[in-house]
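# Descriptive analysis of the structure
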Amino acid sequence: MAIINQATRELQVKIVYYGPAKSGKTTNLEQVHANVQVPNASSKGKMTSLATSSDRTLFFDFFPLEAVAIKGFKTKFALFTVPGQVIYNATRQIVLRGVDGIVFVADSQYEKMEENIETFRHLEENLKTLNLNLDDIPYVMQYNKRDLPDAAPVEYLEYVLNNRDVHVPCFEASASKCEGVFETLNMITRMLLHKFLNDGVRAAR
Amino acid sequence: MGQFPQLQQEDIDLIDAVLRELLRKSEANIALLVEKAGYLIHQCGNPEQIDTTTFATLGSNAYNAVQFMASLVNESNFSSMYQQGESYSTLMVNIDENSLLVIVFPTHLTVGSMKYYAAPAVRSIAERINEASQRGPGAALDLSDLDPTDVQALFHRKD
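To continue, consider the overall build of chain B. If you tally the helices and strands in chain B, you get three helices and five strands. Reading chain B from its N end, one meets helices and strands in the order α-β-β-α-β-β-β-α. When the 159 residues of chain B are sorted by exposure, 40% land in the buried category.

Broken down by element type, chain A carries five helices and eight strands. Helices and strands in chain A line up, N terminus first, as β-β-α-β-β-β-α-β-α-β-α-β-α. Computed over its C-alpha atoms, the radius of gyration of chain A comes to 16 Å, within 12% of the 17 Å expected for a compact globule of 205 residues. With respect to the three principal axes, the spread of C-alpha positions in chain A is 50 × 35 × 30 Å.

Before going further, it helps to spend a moment on the packing of helix α2 (residues 89-96) of chain A against helix α3 (residues 113-129) of chain A. All names here are of chain A. Closest axis-to-axis distance for the α2/α3 pair is 9 Å, and the angle between their directions is 60°. Considering their axes alone, α2 and α3 lie oblique with respect to each other. Note on packing geometry: the crossing formed by α2 with α3 is right-handed. Counting all contacts with α2, which are made through Asn 89, Arg 92, Gln 93 and Leu 96, the residues of α3 involved are His 122, Asn 126, Leu 127 and Thr 129.

What follows deals with helix α1 (residues 9-26) of chain B. Residues and elements named next belong to chain B. Here α1 spans 25 Å end to end across 18 residues, near enough to the 26 Å set by a 1.5 Å rise per residue. Among the residues making up α1, those that are buried are Asp 11, Ile 15, Val 18, Leu 19, Leu 22, Leu 23 and Ser 26. What you see down the axis of α1 is that its buried residues fit within an arc of 135°, all on one side. Residues of α1 that are exposed and point over 90 degrees away from its buried face: Gln 9, Ala 17 and Arg 24. Each element contacted by the buried residues of α1 is listed here: β1 (30-35), β2 (40-45), β5 (99-106) and α3 (111-135). Directly after α1, the chain includes Glu 27, whose backbone phi takes a positive value near 65°.

What follows covers α2(A). Buried residues of α2(A): A:Thr91, A:Arg92, A:Ile94, A:Val95 and A:Leu96, and no others. As for α2(A), its buried residues are in contact with β2 (10-18), β4 (57-70), β5 (73-81) and α3 of chain A together with α2 (52-72) of chain B. Remark: A:Gly98 follows α2(A) within two positions and exhibits a positive phi of approximately 70°.

Grouped together as the largest cluster of nonpolar side chains are 94 residues, with contacts concentrated most on A:Val16, A:Leu79, A:Phe104, B:Ala31, B:Leu101 and B:Ile103. If sequence neighbours within four positions are ignored, B:Ala31 has contacts with B:Leu19, B:Leu22, B:Leu23, B:Cys44, B:Gly45, B:Leu101 and B:Ile103.

Residue and element names in this part refer to chain B. Strand order in the open sheet made by the five strands is β2-β1-β5-β4-β3, with antiparallel pairing throughout. A strand with exactly one partner marks an edge of an open sheet, and here the two such strands are β2 and β3 (80-83). Each neighbouring strand pair of the sheet contributes to a mean axis angle of 15°, computed without reference to strand direction. Two elements, β1 and β5, share six bridges in a ladder whose sense is antiparallel.

So, about the pairing of strand β4 (residues 88-94) of chain B. Residue and element names in this part refer to chain B. In this structure, β3 lies alongside β4, joined through four bridges in antiparallel fashion. Bridging from a neighbouring strand, Ser 80 pairs with Val 93 of β4. A loop of four residues connects β3 with β4, the two strands running antiparallel in sequence. Where β4 meets β5, seven bridges bridge the pair, whose relative direction is antiparallel. The residue bridging Leu 91 from the neighbouring strand is Ile 103, located in β5. Where β4 hands over to β5, the hairpin turn is made up of four residues, counted between the paired strands.

Should pLDDT be low for a region, the predicted coordinates there are not to be read in detail. Across chain A, pLDDT averages 89, with 95% of residues at or above 70. Predicted confidence is poor over residues 201-205 of chain A, with pLDDT under 50, and the contacts of this stretch with residues over four places away or in other chains come to 16 contacts.

Chain-level pLDDT for chain B is 88 on average; 88% of the residues reach the 70-or-more range. Note on the complex model: pTM 0.88, ipTM 0.82.

Moving on to the environment of A:Leu96. All names here are of chain A. Take Leu 96: it is sitting in helix α2. Since 22 C-beta atoms lie within 10 Å of it, Leu 96 is described here as buried. In the structure, Leu 96 is positioned 80 residues away from Val 16 in sequence and 6.9 Å away in space, judged by C-alpha atoms. Excluding its chain neighbours within four sequence positions, the residues that come into contact with Leu 96 are Val 16, Asn 126, Leu 127 and Leu 130.

Residues and elements named next belong to chain A. Pairing geometry for strand β3 (residues 48-51) and β4, over three bridges, is antiparallel. Bridge pairing in β4 links Ser 49 to Asp 61. Direction of pairing for β4 relative to β5: antiparallel, over a ladder of seven bridges. Counted as the bridge partner of Ile 70 is Phe 73 from β5.

Okay, the environment of A:Gln109 next. Residues and elements named next belong to chain A. For Gln 109, the location among the structural elements is in the loop between β6 (101-107) and α3. Through-space distance from the C-alpha of Gln 109 to that of Tyr 143 is 9.4 Å; in sequence the pair is 34 residues apart. Contacts of Gln 109, omitting those with residues within four sequence positions, involve Lys 145, Leu 148, Asp 150 and Ala 151.

About the cut-offs
- Residues numbered from 1 in each chain as written.
- Chains lettered and ligands numbered in written order.
- Predicted model: local features only at pLDDT ≥ 70, side-chain atom pairs only at ≥ 80, totals over all residues.
- Helix = DSSP H or I, 4+ residues; strand = E, 2+ residues; numbered from the N terminus.
- Buried ≥ 20, exposed ≤ 12 C-beta atoms within 10 Å, placed from the backbone.
- Rg over C-alpha atoms; globule rule 2.2 N^0.38 Å.
- Axes fitted to C-alpha atoms, helices over the stretch in contact; angles between N-to-C directions.
- Parallel < 35°, antiparallel > 145°, perpendicular 65-115°, else oblique.
- Left-handed = near helix turned anticlockwise from the far one by under 90°.
- Contact = placed C-beta atoms within 7 Å.
- Expected span 1.5 Å × (residues − 1).
- Arc of directions from axis to C-beta.
- Core = buried A, V, L, I, M, F, W, Y, C linked by C-beta atoms within 7 Å.
- Pairing = 2+ DSSP bridges.
- pLDDT = per-residue confidence, 0-100.

Right under this line is the structure:
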């Protein structure tokens, strides 16, 4: 969970991009890393990718990104991806530890729908193993690969994936073209800050 | 799973003194206090040598992976993790449920001596973190007068 360091006046927050294999999680991070405006070089850390030789995420991708100071607190977001392949499910649990916000990156193609659904179910299960509940964690849906010809309509994706009691914000994206990437990031960061606002960042936060 | 507490200046001062003492006695290069979700809490030594933020994140996730391995062999806890290199080695030692100590040291020093000097440091830091946890929400980050419209878009794409 978020860390407040009163001594250094820092608020540190963890966001995890979660989704099925090849849905574009790493591409999202790469686009943010390549295109984000930063006031100075130190605001954006190096992107670290632990990938296989064929560029599939093995453990996670990560980079730290600093936002404007909020009430005098330097706000640092740690952006992570998880590996999409099911065989790495244990790794996903490890990366989810201490998560504050989640971006679920779904692949819009019809043929990927079952994988999307299964991965979402895995997300809920993995959070439970960490004694976390998705209902308590801000998350957004990103329907990626909208530029592909066999992309399902957004209404269908919403019906299939965004059908829990609380309907969460969703974004259409073509991450490879950096479309929808910043909209998604800004929504999840905004939701996180609103959560802190509502909670008053109470107790241990 | 409990949460890492908020640290005040006096907490950081004490942790800093403990880590400096550890470095002085052990002759290690760098000591990091890392929260297990991947956050770097405090660093001492010559951190300009490495990207300590990334190092902390990689270290905590590697450590968590080893803990996961421990659970697979019904071992309740692997309390430390050692990596030997040609020039530098690393030792990661569990502090408590939420944090660990990461030490980078020249390979000519032994891991045994690192563990010896790390042990009292770990105890002192654990005690301080526990005290901070007991202190409760006394110094929360108050965002009550923050205007939500100020945080509509924290990040912008380059033109």
